[in-house]
Amino acid sequence: MGSEKMIYKVGISVALISLLILSFQFLIKIIKQQKQLADIKDDFIDNLTHEFKTPIATISAAIEGMQKFNALENKEKTERYLEISKSELNRLNDMVTKLLNISVYDKNNLTLTLHDVDVTAMIDEIVSMEKFRAVKPVQFNIDIAEGVKQVPADPLHFKNALINLVDNAVKYSKESVTISITAVKESGFACITVKDNGIGIPSTEVKNVFDKFYRVPTGDLHNVKGSGLGLSYVRSVIEAHGGTITVNSEINVQTAFIISIPLK
């Protein structure tokens, strides 16, 4: 009887110790998760602040150009600076909207208003804006096939998706970058490719690039800012159009994002 009591007590003790260990491990896991969330939040706020500064800096540069470099005497240049400022203000407003409505990235909640978008004109506007604000040499090669010069899309969200891809191509390049933007018609879809000659994405990271808040490690590139929402937003926009987005990349060679959206 005594031995049975002893075994019972030992069993209870072992069970309690095991429960204590499991509870301690669970507590450690919760603490780590909370710390990770706090780090993500801090990084998100820091990077988003930089994202807000970019259009503000572009608008400031445009205004300074008109004030100090006699742009006001050149009607064509003045109109171009004003259009860039207007476009950047619209982009700033859209970023505020995205910040206040992060849940909108879920394709089921994203409301689209479809129009026949002039792809060539939209890309030309994006390229002009990017050249104006770029702090490094950027060369663009554009090739839009006849069958995809107009695409049924939401002008605001579709343009923002393309801007995100072009911005990434510039950000994740080194001293200079060449960006190729091509569009072709394939099996009733408009296939638009944005390809750069930048640092590339490691094969182990490719599967994560469209995850919300995820940012690809930048290696020897420093001060590359971003919210971690850009590609998540792009995917949501493209999928809301009934399309897909894929990425092909090779380290130190190129990265290509391929968008496919239905033409009807």
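Residues numbered from 1 in each chain as written. Predicted model: local features only at pLDDT ≥ 70, side-chain atom pairs only at ≥ 80, totals over all residues. Heavy atoms only, no water.

Novice: Before we move on, could you go through the pairing of strand 4 (residues 177-186) and cite the residues and values that matter?
Specialist: Judged from the seven bridges that link them, strand 2 (residues 138-144) and strand 4 form a sheet pairing that is parallel. Each residue of the ladder has a partner; that of Asn 141, found in strand 4, is Ser 180. Summarising the sheet, strand 4 and strand 5 (residues 189-196) pair through seven bridges and their orientation is antiparallel. Counted as the bridge partner of Ile 181 is Val 194 from strand 5. Counting the residues that bridge the hairpin from strand 4 to strand 5 gives two residues, and of these Ser 187 lies at a positive phi of roughly 50 degrees. (Pairing = 2+ DSSP bridges. Helix = DSSP H or I, 4+ residues; strand = E, 2+ residues; numbered from the N terminus.)

Novice: Outline the confidence of the model for the protein, listing residues and values.
Specialist: Averaged over every residue, the pLDDT of the protein is 79; residues scoring 70 or more account for 78%. Scored below 50 in pLDDT, residues 220-227 makes 25 contacts in the model with residues more than four places away or belonging to other chains. (pLDDT = per-residue confidence, 0-100. Contact = heavy atoms within 4.5 Å.)

Novice: For the nonpolar core, give the residues involved together with the corresponding values.
Specialist: Counting 42 residues, the largest nonpolar core has Ile 179 and Ile 181 as the members making the most contacts within it. Per-element accounting of this core gives the leading share, eight residues, to helix 4 (residues 155-171). When neighbours within four sequence positions are excluded, Ile 179 is seen to be in contact with Val 138, Gln 139, Phe 140, Asn 141, Val 166, Ala 169, Val 170, Val 194, Lys 195 and Asp 196. (Core = buried A, V, L, I, M, F, W, Y, C linked by side-chain atoms within 4.5 Å. Buried < 20%, exposed > 50% of the residue type's maximum accessible area, 1.4 Å probe, protein only.)

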